[in-house]
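Okay, here's what each chain looks like letter by letter:
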Amino acid sequence: RNYELFIMICQFPRDLLSLNAIEGWRRRCRTSVCWLAEIWAKEISKIKGYLKILSQFDYVIIPSAGSLEPVREAIDSNCVCIIPGINTVRFCPYPNPPIRSIDVYSMGRKSLITHRALLKMAEQNRFFYIYDTFERMKTLLPRDHRILLANVAKRSRYFIVNAPKFNQQIETGGQTEISYRFFEGAASGTVMIGETGENGAFKKHFNWPDVLVHLPYDTVDIAEILDDLDSQPERLEKVRKNNVVQSLLRHDWVYRWREILDLVGLKPRPALIAREEYLKKLAEDVTKTSSS
């Protein structure tokens, strides 16, 4: 069969090699798009073989603003930056918001200094702190993992976030991008605490008030910071609600899919329009409701 659009989603450049298993994809598809989820500017000169594969696509989409120009210069395809998204319906705590029984949720990379301070609080007080205890975990059921993550986030009062791979300067070359944690934390209605680094993209796409409470890396006195925040319940209520509403209206995957369709000149299908309308209605309902 012939198709209007071929889209390939890759996490890393090395995943492009799997394209060889699809015979005739180029001649069978009017337009081709590759979404490359992770590529750092400093590594582009080392992956010339993969860049040749990228050049076979009509459009290459990367979510990393700092890598856009270097990739554009290295390939023959049109290259655009579209930020990631999230299934905001899965992460949304409404219409029946659960009790936020988890005090702090910290997933992935973390400051050991701040982590030890939180551990001390968990050991000494009635304080529920969730964190990773394994490294390089794998799951055979990615969807189940996402459901678990969403359910934990929706029950967390505070969610620690930082720039992606902030402690891997050798790999990133100091490049700062928007971490998926920001999308997950905001959509679930937690109060996000942490740092973004020098990130113009974050300021553009997460530009509502109090979207992030600044928590310097290696903070020791996090107990005092959390106590101060807990003394401002009206502020926290507004933060949580704004995070959910803005995520529903701006950061669902459906909006990214519409950007792709606009890019290649295809009209949205009825299901896309229906989801946009549902998200808008859900956001309106959230603004009228008090969160837990």
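Before going into details, it helps to say that this report is about the structure given with it.

Quick notes on the rules
- Here the residue index of a chain counts from 1 through its sequence in written order.
- In keeping with the predicted nature of the model, local features appear solely for residues at pLDDT of at least 70, side-chain atom pairs appear and are counted solely at 80 or more, and the whole-chain, interface and lining totals rest on all residues.
- In computing side-chain values, all of the structure's heavy atoms are included and hydrogens and water are not.
- Two cysteine sulfur atoms make up a disulfide if the distance between them is within 2.5 Å.
- Exposure is judged per residue with a 1.4 Å probe applied to protein chains only, and the accessible area is read against the type maximum: over 50% gives exposed, under 20% gives buried, and values in between give partly exposed.
- Residues are called lining when one of their atoms sits within 4 Å of a cavity or pocket point, these points coming from a 1 Å grid over the protein atoms alone, where a cavity is a set in which a 1.4 Å probe fits but cannot get out and a pocket is an open set with protein on both sides within 12 Å along at least five of seven lines.
- Grid points are joined across faces, edges and corners, and a volume is the space filled by probe spheres set on the points.
- We count a stretch as a helix when DSSP gives it H or I for four or more residues in a row; a strand needs E for two or more, and each element gets its number in order from the N terminus.
- Each residue is assigned to one of three groups, with Ala, Val, Leu, Ile, Met, Phe, Trp, Tyr, Cys and Pro labelled nonpolar, Asp, Glu, Lys and Arg labelled charged, and all others, Gly among them, labelled polar.
- Strands are labelled as partners when DSSP assigns at least two bridges between them.
- By definition in these notes, contact holds between two residues if any of their heavy atoms fall within 4.5 Å.
- All axes are obtained by fitting lines to C-alpha atoms, using only the stretch in contact for helices, and the reported angles, taken between N-to-C directions, cover 0 to 180 degrees.

In this section: the state of the cysteines. Per the counting criterion, the structure on display carries zero disulfides. Of the cysteine sulfurs around Cys34, a residue in no disulfide, the closest is that of Cys10, at 4.2 Å. A residue is classified by how much of its surface remains accessible, and Cys34, at 0% relative accessible area, is buried. Cys79 carries a free sulfur, and the closest cysteine sulfur to it, the one in Cys81, is 8.2 Å from it.

All right, on to the layout of surface pockets then. Estimates place the volume of the second largest pocket at around 210 Å³. For the second largest pocket, the full set of lining residues is Tyr3, Glu4, Leu5, Phe6, Ile7, Trp257, Leu261, Leu266, Lys267 and Arg269. Secondary-structure elements contributing two or more residues to the lining of the second largest pocket are β1 (3-10) and α12 (253-264). Per element, the largest residue contribution to the lining of the second largest pocket is five residues, and it comes from β1. Within the lining of the second largest pocket, the residues separate by chemical class into seven nonpolar, no polar and three charged.

Read across the open sheet, the five strands follow the order β6-β5-β7-β8-β9; overall the sheet is parallel. Of all the strands in the sheet, the pair left with one neighbour each is β6 (129-131) and β9 (213-214). For strand β7 (residues 156-161) and strand β8 (residues 191-194), the ladder comprises four bridges, and the chain directions are parallel. The partner of Val161 across the bridge, within β8, is Gly194. In the packing of helix α6 (residues 142-154) onto the sheet, contacts are made with β5 (102-106), β6 and β7, and the angle to β5 comes to roughly 135°.

Next up on the list: the sheet that holds β1. Adjacent strands of a sheet pair through backbone hydrogen bonds, lying either parallel or antiparallel. Sheet architecture is open: four strands sit in the order β1-β2-β3-β4, paired in parallel fashion. A strand with exactly one partner marks an edge of an open sheet, and here the two such strands are β1 and β4 (78-81). Strand-to-strand twist of the sheet, defined as the mean angle between neighbouring strand axes without regard to direction, takes the value 20°. For strand β2 (residues 29-36) and strand β3 (residues 59-62), the ladder comprises three bridges, and the chain directions are parallel. Bridge pairing in β3 links Trp35 to Ile61.

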